[in-house]
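Spelled out from the first residue to the last, the chains are:
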Amino acid sequence: MAYPDARVAPQPQAHSAAPIPLSEIALTGIFEISKILTAPARLEITLANVVNLLQSFMQMRHGTVSLLADDGVPDITVGAGWNEGTDGRYRARLPSHAIDQIIATSVPLVVENVSAHPVFSAADAAALGATNETRVSFIGVPIRIDSRVVGTLTIDRIRDGSSIFRMDADVRFLTMVANLIGQTVKLHRVVTRDRERLMAESHRLQKELLELRPTRERKKVRVDGIIGESPAIKRLLAKVSVIAKSHSPVLLRGESGTGKELIAKAIHELSARANGPFIKVNCAALPESVLESELFGHEKGAFTGAINARKGRFELADKGTLFLDEIGEISPAFQAKLLRVLQEQEFERVGGNHTIKVNVRVVAATNRNLEEAVARNEFRADLYYRINVVPMILPPLRDRPTDIPLLASAFLENFNKENERELAFDGEAIDLLKRCSFPGNVRELENCVRRTATLAPGPSIHADDFACHHDECLSSILWKSHTEQRTTPRPPPEVPLEVASLGPAEPRVAPSRPAVVPPAAPVPTPARSAELGDDQPMSERERLIDAMERSGWVQAKAARLLGLTPRQVGYALKKHDIEIKHF
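Predicted, not measured: the structure shown is a model, and the values here were computed from it.

Colleague: When you look at the packing of aromatic side chains in this model, what are you seeing that I'm missing?
Modeller: Aromatic ring pairs are reported here in terms of the distance separating the ring centres and the angle at which the planes meet. Applying the stated criterion to the full structure yields eight aromatic pairs. The interplanar angle of 70° and the centroid separation of 5.2 Å between the aromatic rings of F120 and F138 together place this pair among those described as edge-to-face. Of this pair, F120 sits in the loop between β3 (109-111) and α5 (122-127) while F138 sits in strand β4 (residues 136-145), and the two are 18 residues apart along the sequence. A centroid spacing of 5.3 Å and a plane angle of 70° characterise the contact between Y384 and Y385, whose relative ring orientation is edge-to-face. Overall, Y384 belongs to the buried group, its relative accessible area being 10%. Among the aromatic residues, those joined into a cluster by ring pairs are F296, F314, F334 and F347.

This is how it looks when you write it as structure tokens:
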């Protein structure tokens, strides 16, 4: 192998041909490097390939190309064998003072012994592998774009005394390579800037075209998980696209199973906060003490078990959207704490005294009648007005029956993919589904489809395969019993238990104003019960069990039916030794 920097190239045999001139070797090297630089490839890979090729034309140990960004910060550092994520390894080998001198002076730096040169620190010499026994030389040349230095090309090698180097030839050769690299980097940056400019222009034009489209066409919004072509769904999605453009709080109203969480996520993804986080909290699933820590976070040692500080959901949702599901279930005491955050966008962690400011859009959801709760002093009026800035009512499935076939087909398709089946509905099955009211809405429809598909022999699902066709639909039995309970001559569901009989219950006191406990509806006397057809009125225990069964044994919902707090219901359950059922 011949080297352009040695005076005499090593000869393998005594009678071999004359040595190739250094100028011809250098010309060959420049030719091969130019082919690499003009090949289509990522810039880092191109520069690494150049260093790899340099090792074939120069007697060197390491080679490095280091580029700076427009602001002078190191941008790319590559060497032989570079791959993704290894820039730091090559950057650690660069002598920082020497590189700074090359960039500042725009002059090549040639050092025969780095251990004896003042610009190289002991750490630099050690990084290059120089010791008392190992003598290391260094050459660095600037990489320029026009008159500006944008990086360096450096090599180092061991001087063992057996090879004779021509430093001036090496510097000229490396300078030519650096000039070629500079032209390639310049072209790459011009192309990158043009591509970014064209992408921005394309985005601007697309936005203008969207604004020029007819209003009806602009309102066609697609939301993941929301399936339907009914007028009710089209109006809902059109409203979502408008609401998403603002930062106002949104209150989603609707029955359980209508897709409130999907709509909340759609509002986030269509808004300017789409790149921020979307954080969700189910307020009904957490006790008040846990809910406060979940929303606001806590400091280390704030309570037993708080071994570390923790960010709350408001902090995690900064610059994004926070979805508060079942917001109607939070206690009046906690409502006051939540109100301050919504008004001021600031709070303190549990156990902390440092005020944290956030920028969060709140989307709340409830299936509860908040207006009645406000009238009964169970929900703060000021919090109600704060979260009800932009109300949205989600239509129940019975108001959009034309969407039932689309939804059922989508659920069956998902079932087929999960279970590797090829089931399909026949016409009678679709007609049967369209006749159902589905009080549980989309969630109930999905469960119905999955249950029927699981038991269906296939390949088609017939009307006879559905449980409701045989009067065995559990949902139908549940809602039928609810209807019968509402028509029986017993006290209405709103009749509360006597608070005095429930033990040490907490009074429902809203902060900053006295509590107003709604008057209990009169319990029917035996005489009145006889008039209504009952032998005697329901006992307190019976009313409690009745409310728990109607609410699916969820204490928070039973408390709402009885006009009490969840804690009061808990005391009553213990008092009457009622075992809680779990499903």
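Colleague: Please explain the environment of C448 as it appears in this structure.
Modeller: Mapping C448 onto the fold places it in helix α17 (residues 441-455). Considered as a pair, C448 and C468 are 20 residues apart in the sequence and their alpha carbons are 9.6 Å apart. Setting aside anything within four residues of it in sequence, one finds C448 in contact with L433, F438 and F466.

Colleague: Even after reading the chapter, I still don't get empty space enclosed by the protein, so can you show me in this structure?
Modeller: Where empty space is left becomes clear once a probe the size of a water molecule has been rolled over the atoms. Under the definition given, this model contains two cavities of 30 Å³ or more. Surrounding the largest cavity, H62, G63, T64, Y90, R93, L94, P95, L128, F138, T154, I155 and D156 form its lining. Mapped by element, the contributors of at least two residues to the lining of the largest cavity are β1 (62-68) and β5 (148-158). When its residues are assigned to classes, the lining of the largest cavity shows six nonpolar, four polar and two charged. There is about 40 Å³ of room inside the second largest cavity. Considering the residues around the second largest cavity, the lining is formed by I226, I233, L236, T258, I263, L394, P395 and R400. Its residues placed into classes, the lining of the second largest cavity shows six nonpolar, one polar and one charged.

Colleague: Please clarify how the nonpolar core should be interpreted in this entry.
Modeller: Nonpolar side chains in soluble globular proteins tend to be buried together. Counting 37 residues, the largest nonpolar core has L54, V65, L153, V177 and I181 as its most contacted members. Among the secondary structure elements, those contributing two or more residues to this core are α1 (22-38), α2 (43-57), β1, β2 (74-79), β4, β5 and α6 (167-212). Setting aside its immediate chain neighbours within four residues, V65 contacts L47, V51, I76, T77, V78, I143, T152, L153 and I181. Core analysis: the next-biggest nonpolar cluster, separate from the first, contains 30 residues, L251, V281, L291 and L339 among them.

Colleague: Explain the sheet that holds strand β13 (residues 361-366) here, please?
Modeller: In any sheet, the strands associate via hydrogen bonds between backbone groups, in a parallel or an antiparallel arrangement. Reading across from one edge, β7-β10-β13-β6-β14 is the order of the five strands in this open sheet, with parallel pairing throughout. Strand pairing shows two members of the sheet lacking a second neighbour, β7 (278-282) and β14 (390-393), which therefore form its edges. Ignoring which end each strand starts from, the neighbouring axes of this sheet average 20° apart. Across four bridges, the pairing between strand β10 (residues 321-325) and β13 is parallel. When the bridges of β13 are listed, F323 appears paired with V363.

Colleague: Would you mind going over the sheet that holds β4 with me for this structure?
Modeller: Pairing in this open sheet of five strands is antiparallel, and the strands run β2-β1-β5-β4-β3 from one edge to the other. Each end of this open sheet is capped by a strand with a single partner; those strands are β2 and β3. Neighbour-to-neighbour, the strand axes of the sheet open up by a mean angle of 15°, direction not taken into account. Sheet topology places β4 next to β5; 10 bridges connect them, and they run antiparallel. Across the sheet, residue G140 finds its bridge partner in β5, namely T154. Packed on one face of the sheet, α2 meets β1, β2 and β5 and runs near 40° to β2.

Colleague: So what exactly am I meant to see when it comes to the pairing of strand β6 (residues 250-253) here?
Modeller: Walk down a regular strand and you will see the side chains alternate between the two sheet faces. Side chains V250 and L252 of β6 all project onto a buried face; the interleaved residues L251 and R253 project onto the opposite face, where all are buried too. Looking at chain direction, β6 and β13 are connected through four bridges and run parallel. Each residue of the ladder has a partner; that of V250, found in β13, is V363. Sheet analysis places β6 next to β14, joined by four bridges and oriented parallel.

Colleague: What is the right way to read the pattern of salt bridges from this model?
Modeller: Side chains that differ in charge, positive against negative, can pair when their charged atoms come close. A complete count under the given rule lists 29 salt bridges for this structure. The shortest N-O distance in the salt bridge between R172 and D168 comes to 4.0 Å. Of this pair, R172 and D168 both sit in helix α6, separated by four residues, roughly a single helical turn. Classification of R172 by relative accessible area gives partly exposed; the value is 48%. Using a relative accessible area of 41% as the deciding quantity, one classes D168 as partly exposed. The salt bridge partner of D194 is R197, with a shortest N-O separation of 4.0 Å. Of this pair, D194 and R197 both sit in helix α6, three residues apart, roughly one helical turn. On the accessibility criterion, D194 (34% relative accessible area) is partly exposed.

Calculation criteria
Residues numbered from 1 in each chain as written. Predicted model: local features only at pLDDT ≥ 70, side-chain atom pairs only at ≥ 80, totals over all residues. Heavy atoms only, no water. Phe/Tyr/Trp six-rings, centres within 6.5 Å; stacked < 30°, edge-to-face > 60°. Helix = DSSP H or I, 4+ residues; strand = E, 2+ residues; numbered from the N terminus. Buried < 20%, exposed > 50% of the residue type's maximum accessible area, 1.4 Å probe, protein only. Contact = heavy atoms within 4.5 Å. 1 Å grid on protein atoms, 1.4 Å probe; cavity = no way out; pocket = protein on both sides within 12 Å on 5 of 7 lines; lining within 4 Å. Points joined across faces, edges and corners; volume = space filled by probe spheres on them. Nonpolar A, V, L, I, M, F, W, Y, C, P; charged D, E, K, R; others polar. Core = buried A, V, L, I, M, F, W, Y, C linked by side-chain atoms within 4.5 Å. Pairing = 2+ DSSP bridges. Axes fitted to C-alpha atoms, helices over the stretch in contact; angles between N-to-C directions. Salt bridge = Lys/Arg side-chain N within 4 Å of Asp/Glu carboxyl O.

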